[in-house]
Amino acid sequence: MKNLRYIDTHCHLNLAPLHPERAEIIVQMNKLGVGGIIVGTNAESSRRACEIASQHDHLWATVGLHPIEVEENSWEGELDIIESLRDEFSDHIVGIGECGYDYFHRDQEVFGEVQTAAFARQIEFAAARELPLMLHMRSRAATSTAAYDDALTILTEYKKKHPQLRMNAHFYAGSPEYAQAFFDLDGTVSFTGVITFVQSFQKLIKDLPINKIMCETDAPYVSPEPHRGATCLPQYVSHVYDEIIDIKIPDGEEDDDKKRNELREQLVHNAIDFWGLK
């Protein structure tokens, strides 16, 4: 692995509109010292993630079945294919997911049970191979915690059986208390470009331990300022780093380049250490 200034821990170079433009995007990432984890959402996109990652030493892949991709009659077959990728691309897969619960796009009453079944199988697969989970949790309303509650319930259960289980709460938008619940399970949280334009994240980030935080874009979604409204690119993760550094840096040291660099290096180290990047 080359020396990297930034690591985007969750991006979708395997999905449109980035996938057709991936060659140029990857060149730009390389020039800027940006590494990335390409996240699978179903069998097809998981294979794409692996194929792209296998061609570049600054890219890695996770494979999994996104909860909105969980269909009653086909999810088991999808996971059969996804699990087979682990043997084919073992050197390039660093995690399982994204997986979890999505009650925003899928009704909890209709899809909750089948999402739980698919999530449980992915938890078992991740634990057996000692790979961390990339969690997706989205509730119906911004004020609801249903997806977080259901994820923590099943994760707590499986953690008792599999002490090696670890997880990252992707696109974290919960409270300090929920963050601590994930930390208690050997989990971490990651933040997207949303933090550059939603001020309510500042206190949350300031209070969280920096060694439990990672930076992501979820590209091509939610571009940070100053690119808001445009297609998000993995290299925009630098703005997420800058925002977290601005929040975490002690008062009076805002212009201390050495301190800022130390914080950036800590965030990069978090990603390398948690995902086992090599």
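Residues numbered from 1 in each chain as written. Predicted model: local features only at pLDDT ≥ 70, side-chain atom pairs only at ≥ 80, totals over all residues. Heavy atoms only, no water.

Please give an account of helix H3 (residues 75–88) that cites residues and values.
With 14 residues, H3 should reach 20 Å at 1.5 Å per residue; the first-to-last C-alpha distance of 20 Å fits that figure. Listed as buried for H3 are Trp 75, Leu 79, Ile 82, Glu 83, Leu 85 and Arg 86. End-on view of H3: buried residues confined to an arc of 140 degrees, all on one side of the axis. (Helix = DSSP H or I, 4+ residues; strand = E, 2+ residues; numbered from the N terminus. Expected span 1.5 Å × (residues − 1). Buried < 20%, exposed > 50% of the residue type's maximum accessible area, 1.4 Å probe, protein only. Arc of directions from axis to C-beta.)

How would you sum up the side chain of Asp 102? Please name residues and give values.
You can see Asp 102 is positioned in strand E4 (residues 93–102). At 2.8 Å, the side chain of Asp 102 and the backbone nitrogen of His 105 are in polar contact. Residue contacts for Asp 102: discarding those within four places in its chain leaves His 66, Pro 67, Ile 68, Gln 115, His 136 and Arg 138. (Polar contact = N/O pair within 3.5 Å; in protein donor to acceptor, adjacent residues only side chain to side chain. Contact = heavy atoms within 4.5 Å.)

An account of the packing of aromatic side chains is needed here, citing residue identities and associated values.
Inspection of every chain in the model, using the stated rule, returns 10 aromatic pairs. Ring geometry for Tyr 148 and Tyr 172: centres 5.7 Å apart, planes at 90 degrees, overall edge-to-face. In this pair, Tyr 148 sits in helix H5 (residues 146–161) while Tyr 172 sits in the loop between strand E6 (167–169) and helix H6 (176–184), placing the two residues 24 residues apart along the sequence. For Tyr 148, a relative accessible area of 8% gives the class buried. Note on Tyr 172: relative accessible area 1%, which makes it buried. Counting every residue linked through ring pairs, the aromatic cluster contains Tyr 148, Tyr 172, Tyr 178, Phe 182, Phe 191 and Phe 201. A cation over an aromatic ring shows up here: Arg 106 above the ring of Phe 111, its NZ or CZ 5.7 Å from the ring centre. Here the basic side chain of Arg 166 rests over the ring of Phe 274, its NZ or CZ set 4.8 Å away from the ring centre. (Phe/Tyr/Trp six-rings, centres within 6.5 Å; stacked < 30°, edge-to-face > 60°. Lys NZ or Arg CZ within 6 Å of the ring centre and 35° of its normal.)

Tell me about the pattern of salt bridges, and please be specific about residues and values.
Opposite charge on two side chains permits pairing when their charged atoms draw close. Evaluated as defined, the whole model comprises 10 salt bridges. Between Arg 48 and Glu 44 there is a salt bridge, with its nearest N and O atoms 2.9 Å apart. Here Glu 44 and Arg 48 lie together in helix H2 (residues 43–53), a separation of four residues that amounts to about one turn. Note on Arg 48: relative accessible area 25%, which makes it partly exposed. (Salt bridge = Lys/Arg side-chain N within 4 Å of Asp/Glu carboxyl O.)

Provide a residue-level description of the environment of Asp 57, including the pertinent values.
Its place among the elements puts Asp 57 in the loop between H2 and strand E3 (59–63). The partly exposed category is assigned to Asp 57, whose relative accessible area is 48%.

Describe the packing of helix H4 (residues 108–128) against H5, with residues and values.
Between H4 and H5, whose axes approach to 11 Å, the crossing angle comes to 30 degrees. Here H5 runs roughly parallel to H4, going by the angle between their axes. In this structure, the crossing between H4 and H5 has a hand that is right-handed. Residues Gln 108, Thr 116, Phe 119, Ala 120, Ile 123 and Glu 124 of H4 form the contact with H5, whose own contacting residues are Ala 146, Asp 150, Ala 151, Ile 154, Leu 155, Tyr 158 and Lys 161. Of the residues contributing to the contact of H4 with H5, the split by class is eight nonpolar, two polar and three charged. (Axes fitted to C-alpha atoms, helices over the stretch in contact; angles between N-to-C directions. Parallel < 35°, antiparallel > 145°, perpendicular 65-115°, else oblique. Left-handed = near helix turned anticlockwise from the far one by under 90°. Nonpolar A, V, L, I, M, F, W, Y, C, P; charged D, E, K, R; others polar.)

If you had to explain the sheet that holds strand E8 (residues 213–215) to someone new, which residues and values would you point to?
Ordered in space as E1-E2-E3-E4-E5-E6-E7-E8, the eight strands form an open sheet in which the pairing is parallel. Where the open sheet ends on each side, the last strands, each with one partner, are strand E1 (6–11) and E8. Between one strand and the next, the sheet's axes are offset by a mean angle of 30 degrees, whatever the strand orientation. Judged from the three bridges that link them, strand E7 (residues 187–191) and E8 form a sheet pairing that is parallel. By the bridge assignment for E8, Val 189 is matched with Ile 213. Sitting on the sheet, helix H8 (residues 237–248) touches E1, strand E2 (34–39), E7 and E8, and the angle it makes with E1 is about 110 degrees. (Pairing = 2+ DSSP bridges.)

An account of the pairing of strand E5 (residues 133–138) is needed here, citing residue identities and associated values.
Burial analysis of E5 places five of its six residues in the buried class, the great majority of the element. When E4 meets E5, the two strands line up parallel, connected through five bridges. Within the sheet, the bridge partner assigned to Tyr 101 lies in E5 and is Met 137. Summarising the sheet, E5 and E6 pair through three bridges and their orientation is parallel. Each residue of the ladder has a partner; that of Met 134, found in E6, is Asn 168. Running through H5, the crossover from E5 to the neighbouring parallel element E6 is right-handed. (Right-handed = clockwise from strand over helix to strand, strands pointing away.)

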